[in-house]
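Structural description and commentary
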Amino acid sequence: MLHWADELANEIIRRNPDKEEYTCAAGISPSGSIHIGNFRDVATSFFVVSALRRMGKKARLLFSWDEFDRLRKVPKNVEKIAADYEKYIGMPYTDVPNPFDDNLKTYAEHFEKEFENAVSAFGIDMVFKHQTELYRSGVYVEHTITALKKRKEIFDILDSFRTQDATADERDKYYPVNIYCPKCKKDTTKIISLFDDCTMAEYECKCGHRDVFNFTKDFNCKLSWKVDWPMRWLYEGVDFEPGGKDHASPNGSYQTSRIISEKIFGYKAPLFQGYEFIGIKGVAGKMSGSSGLNLTPEVLLKIYQPEVILWLYAKTDPLRAFDFCFDDGILRQYFEFDKQYTEYLAGNADELTTAVMQNCIISKEKISTVPMGLLVQLGSIVDFNIDFITVLFDKISMNYPKEEIEKRLPLAKYWVEKCAPEMKNTLRKGRNWDIYDTLNDEEKEDIKTLFEYLSKDDYTLDDLNKELYEIVKAHFTDTPDKKILKTKQAKFFSNVYQLLIDKTAGPRLYLFLFAVKKSDYLPLLDFSHPKTEAEDTVVEEVIETKTEKEFGEPDPVEEFKDPVDFGIFERMDLRVCKILKCSEIRKSQNCYKLTLFDGIGERVIVSGIKAYYTPEELIGKKAAVFVNLEPKRITGVTSNGMILASTNNASGCKVVFIDDEVPEGTKLG
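Below or above, wherever it landed, is the structure these notes cover. Computed from a predicted model, the values in this text were never measured in an experiment.

Topic: the overall build of the chain
Within the chain, the secondary structure is distributed over 28 helices and 22 strands. With respect to the three principal axes, the spread of C-alpha positions in the chain is 105 × 70 × 50 Å. Across the 669 residues of the chain, 47% fall into the buried class. Put simply, 68% of the contacts in the chain that link residues at least 6 apart link residues at least 24 apart. With the model as given, the accessible surface of the chain reaches about 34,600 Å², and the carbon-plus-sulfur share is 50%. Here the chain contributes 92 positive and 109 negative side-chain charges, whose respective centroids are spaced 4 Å apart.

Comments concerning unusual backbone geometry
The phi dihedral of Ser397 falls on the positive side, at around 60 degrees, and the residue is not glycine. Looking at where Ser397 falls in the secondary structure, it is placed in the loop between α18 (386–395) and α19 (402–418). Of note, the phi angle at Thr635 is positive, near 50 degrees, even though the residue is not glycine. Mapped onto the elements of the fold, Thr635 is located in the loop between β17 (632–634) and β18 (637–639).

Here's the deal with the side chain of Asp323
Among the secondary structure elements, Asp323 is positioned in strand β12 (residues 323–325). Reaching out from Asp323, the side chain makes a polar contact with the side chain of Lys581 at a distance of 3.4 Å. If we ignore the near neighbours within four places in the chain, the residues touching Asp323 are Gly279, Ile280, Lys281, Gln333, Lys581 and Ser583.

Brief notes about the pairing of strand β10 (residues 271–275)
Judged by how many residues are buried, β10 sits mostly within the fold: five of five residues are covered. Neither face of β10 is open: one carries Leu271, Gln273 and Tyr275, the other Phe272 and Gly274, and all of them are buried. Sheet topology note: the strand β9 (residues 240–244)/β10 ladder contains five bridges and is parallel. Its bridge partner lying in β10, Pro242 is registered against Gln273.

A few points about helix α15 (residues 329–345)
Taking 1.5 Å per residue as the helical rise, α15 with its 17 residues ought to reach 24 Å, and the 25 Å between its terminal C-alpha atoms agrees with that figure. Burial in α15 covers these residues: Gly329, Ile330, Leu331, Gln333, Tyr334, Phe337, Asp338, Gln340 and Tyr341. On its buried face, α15 is in contact with α14 (306–315), β12, α16 (351–360), α17 (372–379) and α19. Phi turns positive one or two residues past the end of α15, at Gly347, with a value near 80 degrees.

Conventions and cut-offs
Residues numbered from 1 in each chain as written. Predicted model: local features only at pLDDT ≥ 70, side-chain atom pairs only at ≥ 80, totals over all residues. Heavy atoms only, no water. Helix = DSSP H or I, 4+ residues; strand = E, 2+ residues; numbered from the N terminus. Buried < 20%, exposed > 50% of the residue type's maximum accessible area, 1.4 Å probe, protein only. Contact = heavy atoms within 4.5 Å. Areas by Shrake-Rupley, 256 points an atom, 1.4 Å probe, with all protein chains shown as cover. Lys, Arg positive; Asp, Glu negative; His and termini not counted. Charge placed at Lys NZ, Arg CZ, Asp CG, Glu CD. Polar contact = N/O pair within 3.5 Å; in protein donor to acceptor, adjacent residues only side chain to side chain. Pairing = 2+ DSSP bridges. Expected span 1.5 Å × (residues − 1).

The structure is reproduced here in structure tokens:
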């Protein structure tokens, strides 16, 4: 089975078999910090370039900084430090001053360097092109004039994708170019008239400036997006370029630009691959909101090795979504990556896994596969000290080189502290009498037996593992019922965890007890002497209360609507659905993409509840959903239903949640 990147590479070669060098393109506007979803643009082209090179072809990855685009809105992180930046809206990003104190000159340069520094960790070789430099150097003059000469043909192409009919006046006044005003530096200009040879135009700006623009000498102008894109395909000789799935829709940018490319510029449009957007699972929303961190590649590299990030992109078909996990799902991802990488090194991987791994390997240096789960479980006990954790690993005969442990340990530490503090395992300061007093005589005897066994020094790791199960078995005179034995053993393990780390579960117990310094935890299992005065002291626990939002007076109660026929109500299908995922939607300030289980399968709906709930407040909950509502495109996503909620000035928006005992798919009404 061929990897998807190999299939695309084969198609590129088939289209143009004799080309000396193939160009795969990607491009992003530095409107703010580059989100991890945008990185799929780069990763997709990178894998195709890699596939072409493995086939013996010369290929380059071209990355265009669309920095000559206008500033459309001020991001929140900029707004916090520069409240007056709305005055720059309409100016190209490269003319907007840098609001950050980092010695870079422009707004564009700040966000470009932020992204480029992060991407360098992936070992991706890219040819960077800066559109401001290219436009203002005059290299696009010929193509700009061509677009002006064929402006009515371009209008007709654009109009063919519109649902409303255009007027003759609109067609006459259409110009596929935006002029940046030399006075206010904004694109708030309007062409009044165009000379017959299309080399000059009279224009006026909202700021009051009026002049004649000479397209052969004045280069401070930019073609509109759907014309600019195909123009650059021609200029750079692009063979392949991916884009968000919205671009690939029947009325999307690619379909329009493809026709403009062929009919206006005489260039066959490159092979295009749409891609699904990336989901975020876990507390990422909380990280972004409370700490001010944006979900950029730089942030991801604090918890993911670069090879694992590339692996997630490479193993997933572009038209399939996947999640970056800020919850414990990340441990499963590391486990799966390590398993496939080990198979690949041993030569046991299948063709598809081999191709995926070839796309992930950045250098000849061996990738660290120290178990991330174990680093998380044991690391917190020794405060992630590299020397101590190395000793722990040696004690349990996991002889990983120190330099390999060092690669993953900071990632484990950051994830635990920032994303999953509840997973931090810390030994209690004293014996847990509250738990011990709830145990029955048999369970207390088991704790005593464990303490006495651990007080010895003549056991191996395997001996300890076996003993943990034998302790419970000792209470049975005959062969125990497997189900009863399993229940009692689970309770024993839970008791030990609670006595040691105040949790009902934790790291693999035999590894934990063998690795951690015995003198640190053994006193916590010794209940042979009474409570001390310190242990008898009750410490009041300060509980942080969640800050509630303030609301106003209730809205006036609206008049009830006219009665409807009962048949109308019967046609409405309201079901109980469980929220499986909650994902951000690119460029949407108000909506989440929710993936639900409706009792039969998964369905996606879009809901405008982003201002009222964080993802973690929704995931796992059951809600009332109108499932047979006509599908509708909302913020670029097809919504298959509507989650029921109430909205009132006195309460804000409240989703209608259903008791967890009610099965998914249950009808309401």
